[in-house]
Every structure is written in C-alpha cells, then in structure tokens.
Amino acid sequence: MNQKLKPLKGEITVPGDKSISHRAVMFGALAQGTTEVTNFLQGADCLSTIDCFRKLGISIENTPGQIRVHGKGLHGLTAPYEMLDTGNSGTTTRLIAGILAGQPFESVLTGDASIQSRPMKRIIDPLTQMNADIVSLKGNGCAPLHINGSRFCQTCAPFSMKEQAALSCAENHFLHGIHYQSPVASAQVKSCILLAGMYADAPTSVTEPQLSRNHTELMLAGFGADLTSEGTTATILPDPKLEARKIDVPGDISSAAYFIAAALMVPGSEVLIKNVGINPTRDGILRVARAMGGDISVLNKKISGGEPTADLLVKYSSLHGVRIGGDIIPTLIDELPVIAVLACAAQGVTVISDAQELKVKESNRIDTVSENLAAMGARVAAADDGMIIEGGRPLHGAVIDSHRDHRIAMSFSIAALAAEGGTEIIGADCVRISYPNFYETLRALCG
Ligand code: S3P
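This section reports on the structure supplied with the text. Because the structure is a prediction, the values reported are computed rather than measured.

Our focus in this paragraph is the sheet that holds strand β20 (residues 386–391). The strands that make up a sheet pair up through hydrogen bonds in the backbone, lying either parallel or antiparallel. Reading across from one edge, β17-β18-β20-β19 is the order of the four strands in this open sheet, with mixed pairing throughout. Strands at the two margins of the open sheet, each flanked by one partner only, are β17 (323–324) and β19 (379–383). Sheet analysis places strand β18 (residues 348–352) next to β20, joined by five bridges and oriented antiparallel. Note on β20: the bridge partner recorded for Gly-348 is Gly-391. Against the sheet, helix α10 (residues 336–344) makes contact with β17, β18 and β20, and its axis sits at roughly 25° relative to β20, the strand it touches most.

This model, assessed by the stated rule, comprises 21 salt bridges. Among the ionic pairs, Glu-36 bridges to Arg-68, the shortest N-O distance being 2.7 Å. Here Glu-36 is found in strand β2 (residues 32–38), whereas its partner Arg-68 is found in strand β4 (residues 66–72), with 32 residues between them in sequence. For Asp-429, the salt bridge identified is with Arg-404, shortest N-O distance 2.9 Å. Here the residue Asp-429 occupies a position in the loop between β22 (424–426) and α13 (438–445), and Arg-404 occupies one in the loop between β21 (399–401) and α12 (406–418), the gap between them amounting to 25 residues. Note on Asp-429: relative accessible area 46%, which makes it partly exposed.

The next subject is the site of the ligand. Around the ligand, the neighbouring residues are Lys-18, Ser-19, Arg-23, Thr-91, Arg-94, Ser-186, Ala-187, Gln-188, Arg-213, Ile-333, Asp-334 and Lys-361. Taking Thr-91, its side chain carries an N or O atom lying 3.3 Å from an oxygen atom of the ligand. Asp-334 is positioned with one of its side-chain polar atoms (N or O) 2.7 Å from an oxygen atom of the ligand. Taken by itself the ligand offers 380 Å² of open surface, and the protein chains cover 94% of this. Of all the elements in the fold, those that place two or more residues in the shell around the ligand are α1 (18–30), α3 (90–100) and α6 (187–197). In terms of residues, the shell around the ligand owes the most to one element, α1, which gives three residues. Among the residues forming the shell around the ligand, the class breakdown is two nonpolar, four polar and six charged. Shared between two domains, the shell around the ligand holds at least three residues of each, these being domain 1 (9–15 + 250–445) and domain 2 (18–248).

So, on to the sheet that holds strand β11 (residues 227–230). If you walk across this open sheet you meet the four strands as β9-β10-β12-β11, and the pairing is mixed. For this open sheet the edge positions go to β9 (179–181) and β11, each flanked by a neighbour on one side alone. Taking each pair of neighbouring strands and ignoring which way they run, the sheet shows an average axis angle of 15°. Of the pairings in the sheet, the one linking β11 to strand β12 (residues 233–236) comprises four bridges and is antiparallel in character. Note on β12: the bridge partner recorded for Ser-229 is Ala-234. Helix α7 (residues 215–223) rests against β11 and β12 of the sheet, and its axis sits at about 145° to β11.

Moving on, we come to the environment of Ala-185. Its place among the elements puts Ala-185 in the loop between β9 and α6. Judged by its relative accessible area of 18%, Ala-185 falls in the buried class. It is 23 Å that separates the C-alpha atoms of Ala-185 and Thr-309, two residues lying 124 residues apart in sequence. Ignoring sequence-local partners within four residues, the contact set of Ala-185 consists of Glu-208, Pro-209, Gln-210, Ser-212 and Pro-330.

The next subject is the packing of aromatic side chains. As enumerated under the stated definition, the model contains six aromatic pairs in all. Ring centres of Phe-27 and Phe-223 lie 6.2 Å apart, and the angle between their planes is 85°; on these two criteria the pair is classed as edge-to-face. Here Phe-27 is found in helix α1, whereas its partner Phe-223 is found in helix α7, with 196 residues between them in sequence. In this structure Phe-27 comes out as buried when scored by relative accessible area, which is 0%. Pairing Phe-438 with Tyr-439 gives two aromatic rings, centres 5.2 Å apart and planes at 70°, and the pair type is edge-to-face. With a relative accessible area of 0%, Phe-438 lands in the buried category. Exposure remark for Tyr-439: the relative accessible area of 22% places this residue in the partly exposed category.

In this structure, Thr-91 sits in helix α3. At a separation of 2.9 Å, a polar atom in the side chain of Thr-91 contacts the side chain of Gln-188. Not counting chain neighbours up to four residues away, the residues in contact with Thr-91 comprise His-22, Arg-23, Met-26, Ile-96 and Gln-188.

What counts as what
- Residues numbered from 1 in each chain as written.
- Predicted model: local features only at pLDDT ≥ 70, side-chain atom pairs only at ≥ 80, totals over all residues.
- Heavy atoms only, no water.
- Pairing = 2+ DSSP bridges.
- Helix = DSSP H or I, 4+ residues; strand = E, 2+ residues; numbered from the N terminus.
- Contact = heavy atoms within 4.5 Å.
- Axes fitted to C-alpha atoms, helices over the stretch in contact; angles between N-to-C directions.
- Salt bridge = Lys/Arg side-chain N within 4 Å of Asp/Glu carboxyl O.
- Buried < 20%, exposed > 50% of the residue type's maximum accessible area, 1.4 Å probe, protein only.
- Near = heavy atom within 4 Å.
- Polar contact = N/O pair within 3.5 Å; in protein donor to acceptor, adjacent residues only side chain to side chain.
- Areas by Shrake-Rupley, 256 points an atom, 1.4 Å probe, with all protein chains shown as cover.
- Nonpolar A, V, L, I, M, F, W, Y, C, P; charged D, E, K, R; others polar.
- Domains from an automatic or database assignment.
- Phe/Tyr/Trp six-rings, centres within 6.5 Å; stacked < 30°, edge-to-face > 60°.

What follows is the structure, encoded as structure tokens:
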C-alpha cells in the first residue's frame with residue numbers, strides 16, 4: 001500500500017445507470033407519448049442508443065438534466081437512411097436487434113472494432129428460431145448484422161399484427177413466439193428476445209441458467225407491457241400498448257464500484273455514495289465486499305423509477321480473500337475487474353470462477369485483468385472461467401494497457417491509487433463510455 005496516500009473522504013454521486021438509461025430511450029421510443037428521463041447517463045454508449053433511435057425516426061431532446069423521447073408507439077419506427085452505428089455498446093447492439101427483427105424494413109447494425117468481434121450468434125440463433133431474417137455480414141457470427149424485417153407482403157402490410165394473424169396469409173412473415181432456453185445468463189440476450197416477442201404472433205419466454213439483471217422486465221412492465229417473471233423465466237405477450245412515463249435513473253452501482261473499492265482499500269477512508277441502484281440482480285459487489293470484511297452501510301433505501309436505490313457509506317476495512325462463483329456471478333459481472341483489484345488488498349486467496357463471460361466483454365477481461373495485475377506485481381493466475389489472486393502483496397506502478405475497455409481503465413486507476421510509484425494508463429480516455437467525469441470525481445475525493 002502506498003503509505004503517502006491520503007484517505008478518501010467525502011460525499012459523491014455517480015452518473016445514471018447505463019443499463020437503465022439505454023432502456024429508457026428504447027422503450028420510450030416504442031411508447032406512445034413523451035417519456036422524460038432525468039439523471040440519464042451521458043456516456044458514449046447511451047449516446048449511441050440515442051443516435052440509433054434518431055436514425056429510426058424518433059425525436060429525442062437531450063438537454064442538461066433531462067432527455068425527452070418523443071415515442072411513436074410500437075409500430076412507429078421508420079427505415080434508417082444509413083447504417084446504425086452502435087459504437088462500443090453491446091447493450092445497444094443486442095437489444096436493438098430484437099426490436100429491428102420486428103420492423104417492416106431492412107437495417108444494418110455495426111459498431112467499433114470491439115463490437116465487431118463480440119459474439120452475436122447468441123442473438124442470431126434465437127431470433128432465427130423466431131423466424132427473423134438476421135445475418136452476420138462477414139459470416140463470423142459478429143456485427144455488422146443485416147436484419148430484414150421487411151418480409152411483410154402487400155396483402156398484410158396495412159393490417160395490425162392481430163389482424164394479420166387472423167388473415168393467416170400463406171407468406172411466412174411473422175415472428176413466432178418461442179420458449180428459449182438460453183445457454184448464458186445474459187440480460188442482453190434475454191432482452192433482445194423479449195423485445196422481439198412484442199412483435200411475435202404468440203407469447204415469448206426466456207429461461208436463463210441464472211437470473212441476469214432484470215431492468216427490462218421491470219421497466220417494460222412499467223411502460224405497460226404484459227410481462228411476467230417466475231424464477232429465471234420471463235414471459236412477454238405480443239402487441240402491447242406502451243405508454244410514455246417519467247423515469248429518474250438511479251446512480252450506477254457499476255460506477256460506484258470503483259469508489260467502493262477505493263474507500264475499502266485506502267486506510268482512513270470514509271465515502272458516502274448517494275442514490276445508487278441496489279437492484280438485487282446487480283448488488284453482488286456489496287455482498288462480496290461484505291464477505292471480504294468490508295464495512296458498507298446501506299442507508300435511505302427507497303424506490304426510484306421502479307428500481308431500489310440507497311446511499312452507501314463505505315469505510316476503510318481490513319479485508320480477507322473469498323470464493324466468488326455460481327449464481328452471484330451475473331449480479332457482479334461488470335464489477336469483477338475492480339473486485340480483482342480489491343482482492344490484491346485482501347489477506348489470503350480470492351478465487352473467481354464461473355465467470356467465462358468475462359472473455360467476451362469489451363475486452364477479454366480475464367486476460368486484461370490478469371496481465372495488468374501481474375504487471376503491477378500481483379500474484380495472479382488466469383483460469384478458463386476466472387482467476388485466482390493471492391492478496392496482501394504490495395502493488396507497484398506500471399504501464400497499463402486498457403485495451404480501450406472503460407472498466408479496465410477505471411479498475412486500474414483504483415489499483416494505481418494503492419500502488420507504490422506512478423502508473424500510466426494507455427487509452428485512459430475510454431472512461432467516457434460509461435463515466436465521463438470519472439477522473440474528476442476521483443481527484444476530488446483524493447483531495
Ligand atoms: C448489460 C448486460 C450485461 C453487462 C453489460 C450491460 C445490459 O451484459 O455486462 O455491461 O444492460 O443488459 P450480458 O448480457 O452480455 O451479460
């Protein structure tokens with residue numbers, strides 16, 4: 001531990017939740033009327049979602065403090081005049097694909113180099129089972145994706161979906177309701193299928209191996225969709241009437257995670273993080289940090305925009321290693337890089353398993369975390385589904401390659417704080433994806 005480091009003291013807020021911000025734009029666009037969203041995350045990923053929906057004919061006002069999405073109803077999107085660029089955002093790509101599969105026009109989805117190497121077969125397969133026409137243009141199971149939702153024939157096009165079903169047209173152009181047994185616990189896959197299900201001819205359900213984040217289920221039901229959840233299965237009925245609403249986005253627990261870790265690691269620290277989303281499908285970091293001996297109080301619990309939120313008071317703690325695996329993994333998947341950093345400050349061994357999904361995030365996070373931790377002097381072994389970290393050894397400064405992965409840049413900024421000597425982070429500006437003011441907040445807290 002860097003002995004010269006001053007304790008982190010103070011009260012902060014973190015930006016709006018990324019997953020919830022994306023969904024507010026998407027569902028607002030498909031609802032009738034104007035959806036007002038406060039505390040929207042102005043990160044590059046969510047701006048990609050706004051950009052895509054503007055190209056689909058939706059007017060979106062982005063003013064300081066509020067965005068207004070002028071929704072046109074479930075069937076109100078119009079053909080885009082150019083390719084839809086989802087930037088670095090997996091959530092935009094996978095969720096929008098489900099919506100586009102049900103539209104009466106063609107579209108092409110593409111994104112940056114990272115997006116073009118991330119697996120899309122996981123949505124192509126179930127959408128194809130639903131009778132969607134979606135192909136990976138390079139044939140490698142990745143974006144660019146061509147989606148041909150335009151197979152509505154002349155006879156059927158003027159009719160509503162219910163009327164079309166009654167016509168029992170010989171053309172096989174409907175999306176079909178399916179029950180999909182997902183091989184992965186992925187909210188992006190689940191949401192993609194449920195969104196396509198709104199355009200299907202029968203109910204659609206998705207069963208996951210473990211429950212992933214349930215923001216789609218909560219928010220779509222709030223917009224008026226007929227959506228039910230039981231255990232790890234969510235079911236949606238077709239052709240809902242979605243109505244505009246107001247959404248106040250809670251602070252993102254994935255962004256709070258960096259300051260939770262920093263406060264736990266730096267002696268003498270005490271940080272209050274206000275208004276953080278603590279949805280049980282996202283709060284794994286709190287459970288793990290407490291199991292490691294972390295002093296975290298959850299204060300002022302309330303419901304905001306249909307989601308549980310609270311203030312988190314985090315105090316420096318003496319930590320010990322833990323085992324992290326099984327059902328908790330989807331609830332902290334994005335926090336594992338910073339949890340790995342935290343494990344370096346804990347006495348004993350931390351074992352992370354069942355986390356093979358880390359390999360297909362913005363970077364291969366098993367590799368990018370273990371290589372960068374090793375560069376800082378940590379004792380870490382990469383495994384196929386996680387990593388093993390022997391904590392309690394001092395870290396030293398190093399040159400860190402973020403691989404332009406925002407969560408790697410932020411996690412290693414926290415590691416750098418606790419290390420002896422200077423650290424350089426290559427591609428540090430990629431934090432703009434989810435937390436444009438990250439360094440300002442860190443600087444303010446460090447005095
Ligand atoms: C997200 C789901 C998760 C998460 C991502 C955001 C979402 O991805 O890692 O950052 O908003 O649905 P997977 O669905 O691939 O697990």
